[in-house]
Amino acid sequence: MTEATPRITAPYLEQFSHATVRILGKVRQLRGEQATIDAGGNIQVHLNRDAHLQLNHAVEIIGKVQNDLSVKVMASTDMGPEASIDFNAVDAVVDATHRYREIFYDKEQ
């Protein structure tokens with residue numbers, strides 16, 4: 001079975017230190033091999049060579065949370081202009097997956 005990638009937003013980063021996670025956010029800043037995304041708060045991400053982010057676009061990131069609560073990107077998907085995503089719905093899904101973990105994740109996780 002593949003590793004689970006819980007959906008999180010910035011407030012959940014501390015709970016998932018050293019874990020692989022999935023984040024949907026808005027690209028706010030690009031600086032070389034780093035970026036800042038807004039996912040219920042700012043998250044610093046360390047990009048890989050395959051990441052091609054665009055400002056003001058939504059992006060889904062699968063990555064590993066580091067000690068400093070930044071995220072090292074393993075994979076990213078550009079989801080298009082941020083206006084095309086209902087981020088209130090995204091936040092509701094994230095909250096539901098944490099409130100009702102037993103529905104979304106195996107008991108071992």
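Given the structure is predicted, the values throughout are model-derived calculations rather than measurements. (Residues numbered from 1 in each chain as written. Predicted model: local features only at pLDDT ≥ 70, side-chain atom pairs only at ≥ 80, totals over all residues. Heavy atoms only, no water.)

Looking at where I61 falls in the secondary structure, it is placed in strand β4 (residues 57-65). When the C-alpha atoms of I61 and G25 are compared, they prove to be 8.2 Å apart, with 36 residues separating the residues in sequence. Once residues lying within four places of it in the same chain are set aside, the contact partners of I61 are V21, R22, I23, I37, V45, V71, V73, A75 and S76. (Helix = DSSP H or I, 4+ residues; strand = E, 2+ residues; numbered from the N terminus. Contact = heavy atoms within 4.5 Å.)

Next up on the list: the sheet that holds strand β3 (residues 42-46). Spatial ordering of the closed barrel is given by β1-β2-β3-β5-β4, a layout of five strands whose pairing is mixed. Each strand of the sheet is rotated relative to its neighbour by a mean of 45 degrees, with strand direction disregarded. As paired elements, β3 and strand β5 (residues 71-81) share two bridges and run parallel to each other. Looking at β5, one finds that V45 is bridged to V71. (Pairing = 2+ DSSP bridges. Axes fitted to C-alpha atoms, helices over the stretch in contact; angles between N-to-C directions.)

Let's shift gears to the environment of G32. Within the fold, G32 resides in the loop between β1 (20-31) and β2 (34-38). The class of G32 is exposed, set by a relative accessible area of 71%. When the C-alpha atoms of G32 and A4 are compared, they prove to be 29 Å apart, with 28 residues separating the residues in sequence. (Buried < 20%, exposed > 50% of the residue type's maximum accessible area, 1.4 Å probe, protein only.)

Over its 13 residues, helix α1 (residues 87-99) extends 18 Å from the first C-alpha to the last, a length consistent with the 18 Å expected when each residue adds 1.5 Å. Residues of α1 that are buried include every one of F87, V90, V94, T97 and H98, and no others. Seen end-on, α1 carries its buried residues on one side only, within an arc spanning 100 degrees. For α1, the exposed residues set more than 90 degrees away from the buried face come down to N88 and R99. As for α1, its buried residues are in contact with β1, β4 and α2 (101-104). Measuring from the backbone nitrogen of N88 back to the side-chain oxygen at the start of α1 gives 3.1 Å, which picks out D86 as the cap. (Expected span 1.5 Å × (residues − 1). Arc of directions from axis to C-beta. Polar contact = N/O pair within 3.5 Å; in protein donor to acceptor, adjacent residues only side chain to side chain.)

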